[in-house]
Amino acid sequence: MAQIAKKTIRYLQGKKEKGEKITMVSTYDYISAKLCEEVGIDCILVGDSLGMVFQGLDSTLPVTLEEMIYHTKAVRRGAPRTFIIVDMPFMSYQESPEVALRNCGRVLKETGAQAVKLEGGEEIAQTVEKLTSLGIPVVGHIGFTPQFIHSLSGPRVVGKLQSEAQKLRKDFKALESAGAFMIVLESIPRELAKELTESSSAITIGIGAGKFCDGQVLVFHDLVGLYEEIKPRFVRRYLEGAKLFREALHKFKIEVEEGLFPSEEESYGA
Ligand code: KIV
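Owing to the predicted nature of the structure, the values given are computational and were not obtained by experimental measurement.

## What to know about the nonpolar core
At step 1: In this structure, M88, V116, L118, V128, L185 and I188 are the most contacted members of the largest nonpolar core, which totals 57 residues.
At step 2: Here this core gets 6 residues from one element, more than from any other, and that element is helix 7 (residues 162–178).
At step 3: In contact with M88, other than residues within four places in its own chain, are D48, L65, Y93, N103, C104, V107, V116, K117, L118 and Q147.
At step 4: Core analysis: the next-biggest nonpolar cluster, separate from the first, contains 16 residues, C43, V139, F181 and I203 among them.

Structure (structure tokens):
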């Protein structure tokens, strides 16, 4: 039987050139990754949002490199052909291009992922250049960047002020010139996302950046309604997952308590 090939950067660029939208889901485990691959999602981002969604922390800052590697290995097993990107956690790449190279190289070697994602603009351009020149594909991330949560004073739209919009344009150009093949635009005005997308051959992926980006990303647990702690305006729930899970768990509890589970068919005879 012919093997279906892994999705590649060339495949994703081809979609941008043909005006076909790119789909990305941020997720952290084998089962959700398998579901994404089964329906043909193009990219899985193993996001450091796992700190909040999977670990129940109040920011992404404490997430470690070891945790990212652990989750990415599970995701790769569930989605062998999907394009996989790993979020580099806070302080695993900021110190110097050399530290970034060591950590990003390790991530690609140990996980089977195909690219890394770094948050920031001009200030990390030198690092992005080093990584891309040595064969490590980089995805940029600008706008609201969760690793800057304290400097940005919490989640908010970035780029409404002319000064902020100008900075985003410069950051975008710096990342593109340094070789980033894809840039995530988070919580920025849709007109600015349109301008950046149309002005560039780099692929743009929006989250809270409107419909003109080359593709869209949502966190799996937001998409299926399992993460109820916060629901930003840009999240669309395609399922009320938490409600359905609660109903199932409640039914199990009642049926065990009332002796209705397990039945004879669900147990073994002598
Ligand atoms: O960590 C994450 O899941 C992300 C996406 C929401 C873009 O960075």
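Text resumes after the structure shown.
## Quick word on the domain arrangement of the protein chain
At step 1: Along its sequence, the protein chain is organised into domain 1 (9–239) and domain 2 (242–270).
At step 2: Here the C-alpha centroids of domain 1 and domain 2 sit 40 Å apart.
At step 3: For the pair domain 1 and domain 2, the two sides together bury roughly 320 Å², of which 60% comes from carbon and sulfur.
At step 4: It is L226, E228 and L239 in domain 1 that bury the most area against domain 2; as a group they hold 88% of the surface buried on that side.
At step 5: Remark: the boundary between domain 1 and domain 2 carries 1 salt bridge.
At step 6: Here domain 1 and domain 2 share 2 residue pairs in polar contact (both at pLDDT 80 or more) between them.

## Quick look at the packing of helix 2 (residues 30–39) against helix 4 (residues 65–78)
At step 1: It is at 7 Å that the axes of helix 2 and helix 4 come closest, and there the two elements cross at 40°. Between helix 2 and helix 4, the interaxial angle falls into the category oblique. Helix-helix and strand crossings are classified by hand; for helix 2 and helix 4 the assignment is right-handed. On the side of helix 2, the interface is formed by Y30, A33, K34 and E37, while helix 4 contributes A74, V75, R77 and G78.
At step 2: Taken together, the residues of the contact of helix 2 with helix 4 sort by class into 4 nonpolar, 1 polar and 3 charged.

## Side note on the packing of aromatic side chains
At step 1: Tallied over the full model, the rule gives 2 aromatic pairs.
At step 2: Between F83 and F181, the ring centres sit 5.9 Å apart and the planes meet at 70°, which makes this aromatic pair edge-to-face. Here F181 lies in the loop between helix 7 and strand 6 (182–186) and F83 lies in strand 3 (residues 83–87), a separation of 98 residues in the sequence. Residues F83 and F181 agree in their burial class; the two are buried.

## Quick notes on the site of the ligand
At step 1: Surrounding the ligand, one finds S26, L45, G47, D48, S49, D87, K117, H141, I207 and V219.
At step 2: Interatomic distance of 3.2 Å between a side-chain N/O atom of D48 and an oxygen atom of the ligand.
At step 3: Within the side chain of S49, a nitrogen or oxygen atom sits 2.6 Å from an oxygen atom of the ligand.
At step 4: Expressed as a share of its isolated accessible area of 260 Å², the protein-covered part of the ligand is 96%.
At step 5: Considered class by class, the residues forming the shell around the ligand number 3 nonpolar, 4 polar and 3 charged.

## Re the pairing of strand 5 (residues 138–143)
At step 1: By the criterion of burial, strand 5 is predominantly enclosed, with 6 of the 6 residues buried.
At step 2: Of the two faces of strand 5, the one holding V138, G140 and I142 and the one holding V139, H141 and G143 are both buried throughout.
At step 3: Of the pairings in the sheet, the one linking strand 4 (residues 115–119) to strand 5 comprises 4 bridges and is parallel in character. Counted as the bridge partner of K117 is V139 from strand 5.
At step 4: Taken together, strand 4, helix 6 (residues 125–133) and strand 5 constitute a β-α-β crossover, and its handedness is right-handed.
At step 5: As judged from the 5 bridges shared by strand 5 and strand 6, these two strands associate in the parallel manner. By the bridge assignment for strand 6, V139 is matched with M182.
At step 6: In this view, the connection linking strand 5 to its parallel neighbour strand 6 by way of helix 7 has right-handed handedness.

## Focus on the sheet that holds strand 8 (residues 215–219)
At step 1: Spatially, 8 strands are ordered 1-2-3-4-5-6-7-8 in a closed barrel, and the strand pairing comes out parallel. Averaged over all pairs of adjacent strands, the angle between strand axes in this sheet comes to 25°, irrespective of strand direction.
At step 2: Strand direction decides the pairing type here: strand 3 and strand 4, joined by 3 bridges, are parallel. Within strand 4, the residue paired with D87 across the bridge is K117.
At step 3: Contacts between helix 4 and the sheet are confined to strand 2 (43–46) and strand 3, with strand 3 contributing the most and set at about 170° to the helix.
At step 4: Where helix 7 meets the sheet, its contacts fall on strand 5, strand 6 and strand 7 (203–207), and the angle it forms with strand 5 comes to roughly 175°.

The rules behind the values
- Residues numbered from 1 in each chain as written.
- Predicted model: local features only at pLDDT ≥ 70, side-chain atom pairs only at ≥ 80, totals over all residues.
- Heavy atoms only, no water.
- Core = buried A, V, L, I, M, F, W, Y, C linked by side-chain atoms within 4.5 Å.
- Buried < 20%, exposed > 50% of the residue type's maximum accessible area, 1.4 Å probe, protein only.
- Helix = DSSP H or I, 4+ residues; strand = E, 2+ residues; numbered from the N terminus.
- Contact = heavy atoms within 4.5 Å.
- Domains from an automatic or database assignment.
- Buried area = accessible area lost by both parts, 1.4 Å probe.
- Salt bridge = Lys/Arg side-chain N within 4 Å of Asp/Glu carboxyl O.
- Polar contact = N/O pair within 3.5 Å; in protein donor to acceptor, adjacent residues only side chain to side chain.
- Axes fitted to C-alpha atoms, helices over the stretch in contact; angles between N-to-C directions.
- Parallel < 35°, antiparallel > 145°, perpendicular 65-115°, else oblique.
- Left-handed = near helix turned anticlockwise from the far one by under 90°.
- Nonpolar A, V, L, I, M, F, W, Y, C, P; charged D, E, K, R; others polar.
- Phe/Tyr/Trp six-rings, centres within 6.5 Å; stacked < 30°, edge-to-face > 60°.
- Near = heavy atom within 4 Å.
- Areas by Shrake-Rupley, 256 points an atom, 1.4 Å probe, with all protein chains shown as cover.
- Pairing = 2+ DSSP bridges.
- Right-handed = clockwise from strand over helix to strand, strands pointing away.

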